[in-house]
Amino acid sequence: MIYNEKYESMDLNEKKELQLRRLKKMVKTVYEKVPFYKKKFDAAGFKPEDLETLKDIEKIPFTTKTDLREAYPFGMFAVDEDEIIEIHSTSGTTGKPTVAGYTKKDIKIWGEIIARGIVMAGGTKKDIIQNAYGYGLFTGGMGIHHGGYKLGANVVPMSAGNTKRQLEIMVDFQSTILSCTPSYAMYLAESIEKAGIKKSDLALKSGIFGAEMWTEEMRDKIEDKLGITALNIYGLTELTGPGVAMECMAKSGLHISDDHFYPEIIDPKTKKPLDDGQEGELVLTTLTKEGMPIIRFRTKDLTSINHEKCECGRTTARISRLNGRTDDMIKIRGVIVFPSQIEAALLKIDGLTPNYQIIVSRPESLDEVEILVEATATLFSDEMKKMEEIENKIANEIKKEIGLRVKIRIVESESIPRSEGKAVRVIDNRHLTK
Ligand code: ZN
């Protein structure tokens, strides 16, 4: 099933024409309506009429998170404030928050792209979506909500947390689709086991998981524990929220709604465009956004792109699983490490759970890494010697992945704090200035 056959399975040349037409209009609008873009384009010597082909987008300067922060709160809006009907914001944990404003049409399109995603997860209007993404300024809750409405499905606005109630509702309402962060899905799965609820008591068939990095290994665990198909959703507040891209049942990349977002992959260092299949930084441009259009936004997310038709029949461009953000990279003794590499190595070992924390410190002049990982009760043993053996095995597996020797500490089940939103994977005690 495809939600919007016309746009999701569009002929590629026709798609390019549509993108160019929309891009031209978008560039002209921001130049006229948003002083930030006028200033930026003028400084770069770019005029909207210089855009004749899609490739000409490369002449336009990038927009960065810093630009959005400087425009806080409403400096990037392209319409009068009375046309804005909803506002979201990032949490601002890594700096000043950034804001996104939506017009009526923007909300309609947001619903549309998420409805496409719910259908990719096998959803129909008959489904009961247990939406355990946080409701509030965070885009996760409301985003899925708008999508469920658009599709005509039944959305249960659970928000994150209150795990006991989540389980009751899941059983009593017979929820069929679960949406939340992958770490919370894992926590729910553990809680289900602990509560003695059997898979047969549940009606869950699929999950829409995103808003944080997760690996294939983590997917396998969640699918196995919940008996569902777990799919990846991608998005960012700056562009709209979740739904910019979503995985279909073929699990071979995330389909970008590229009639609304124009994707590019660049080399983050040289800023030059990369070809299909090459890994680089994802750059996105909104093609239809009214409230807060964004041109060439540097997402800092690392991925590659594929324009071939998918086996599901969709022709929208696909991005590969996002393995990390340039922001998530940790530099340890000069080596670049992504938490996803550590997660992949940990989950290759039987008896370990996806609950882990990476602690980086610099006691003297050398960086040290300690990884705390929870083991299942069967693996967790008091026998010191056996423990050491397993820790060694884990350290070897990680060394293969990242090339560095790290310290491993297997800890008892439930000793690492659980998160109801995004999991805290890295604790950097080095206090380095970035
Ligand atoms: Zn597909």
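Parameters and conventions
Residues numbered from 1 in each chain as written. Predicted model: local features only at pLDDT ≥ 70, side-chain atom pairs only at ≥ 80, totals over all residues. Heavy atoms only, no water. Helix = DSSP H or I, 4+ residues; strand = E, 2+ residues; numbered from the N terminus. Rg over C-alpha atoms; globule rule 2.2 N^0.38 Å. Contact = heavy atoms within 4.5 Å. Areas by Shrake-Rupley, 256 points an atom, 1.4 Å probe, with all protein chains shown as cover. Core = buried A, V, L, I, M, F, W, Y, C linked by side-chain atoms within 4.5 Å. Buried < 20%, exposed > 50% of the residue type's maximum accessible area, 1.4 Å probe, protein only. Salt bridge = Lys/Arg side-chain N within 4 Å of Asp/Glu carboxyl O. Donors = N, O, S within 2.8 Å, 3.2 Å for Na, K, Ca; no water. Tetrahedral: all angles 85-135°; square planar, octahedral: opposite > 155°, others 65-115°. Pairing = 2+ DSSP bridges. Axes fitted to C-alpha atoms, helices over the stretch in contact; angles between N-to-C directions.

Colleague: What is the right way to look at the overall build of the protein in this model?
Modeller: A tally of helices and strands in the protein yields 11 helices and 21 strands. Taking 2.2 N^0.38 as the reference for a compact globule, 434 residues should give roughly 22 Å; the C-alpha atoms of the protein span a radius of gyration of 22 Å, in line with that estimate. Principal-axis analysis of the C-alpha atoms places the extent of the protein at approximately 70 × 55 × 40 Å. By sequence separation, contacts in the protein at least 24 residues apart represent 65% of the contacts at least 6 residues apart. Accessible area of the protein: about 19,700 Å², with a carbon and sulfur share of 50%.

Colleague: I keep staring at the nonpolar core and nothing clicks. Help me out?
Modeller: Here is a general trend for soluble globular proteins: nonpolar side chains tend to be buried in one another's company. Tyr37, Phe41, Ile60, Ile208, Tyr234, Leu284 and Ile319 are the most contacted members of the largest nonpolar core, which totals 67 residues. In terms of residue count, the dominant contributor to this core is helix 5 (residues 104-120) (nine residues). With residues up to four places along the chain from it excluded, the contact list for Phe41 reads Val27, Val30, Tyr31, Phe46, Ile60 and Pro61. In terms of nonpolar packing, the next biggest core, distinct from the first, is built from 27 residues, Ile358, Ile371, Ile390 and Ile402 among them.

Colleague: Is there a simple way to think about the pattern of salt bridges in this case?
Modeller: Enumeration over the complete set of coordinates arrives at 31 salt bridges. Lys59 is paired through a salt bridge with Asp56; the nearest N and O atoms lie 3.2 Å apart. Put simply, Glu247 and Arg219 hold a salt bridge, and the shortest N to O gap is 2.9 Å. On the criterion of sequence distance, the pair formed by Glu247 in strand 8 (residues 241-247) and Arg219 in helix 9 (residues 216-226) is long-range, its members being 28 residues apart. Taking relative accessible area as the criterion, Arg219 reaches 1% and is therefore assigned buried. Taken together, the shared-partner salt bridges in this structure form one network comprising Glu216, Arg219, Glu247 and Arg321.

Colleague: Help me understand the coordination of the zinc ion in this model?
Modeller: Protein-derived coordination of the zinc ion comes from Cys248 (SG), His255 (NE2), Cys310 (SG) and Cys312 (SG), at a distance range of 2.1 to 2.3 Å. Around the zinc ion, the four donor atoms sit at angles spanning 102 to 115°, and that spread fits a shape best called tetrahedral. Counting the intervening residues between successive donors of the zinc ion yields the motif C-x6-H-x54-C-x1-C. Remark: Cys310 occurs in the loop between strand 13 (305-306) and strand 14 (318-319) and Cys248 occurs in the loop between strand 8 and strand 9 (254-256); sequence separation between them is 62 residues. For Cys248, a relative accessible area of 1% corresponds to the buried category.

Colleague: Whenever I open this one, the sheet that holds strand 4 (residues 154-156) confuses me. Can you help?
Modeller: Sheets are built from strands paired through backbone hydrogen bonds, the pairs being either parallel or antiparallel. The nine strands lie next to each other as 4-3-5-6-7-8-9-14-13, forming an open sheet whose pairing is mixed. Two strands bound the open sheet, and with one partner strand each, they are strand 4 and strand 13. Inspection of the sheet shows strand 6 (residues 206-210) paired to strand 7 (residues 229-236) by five bridges, in the parallel sense. For Ser206, the partnering residue across the bridge sits in strand 7 and is Thr229. On the sheet, helix 5 packs against strand 3 (128-131), strand 5 (177-180), strand 6, strand 7, strand 8 and strand 9 and is oriented at approximately 35° with respect to strand 8. Each of strand 3, strand 4, strand 5, strand 6, strand 7 and strand 8 touches helix 6 (residues 139-151); the most contacted strand, strand 3, lies at about 170° to it.

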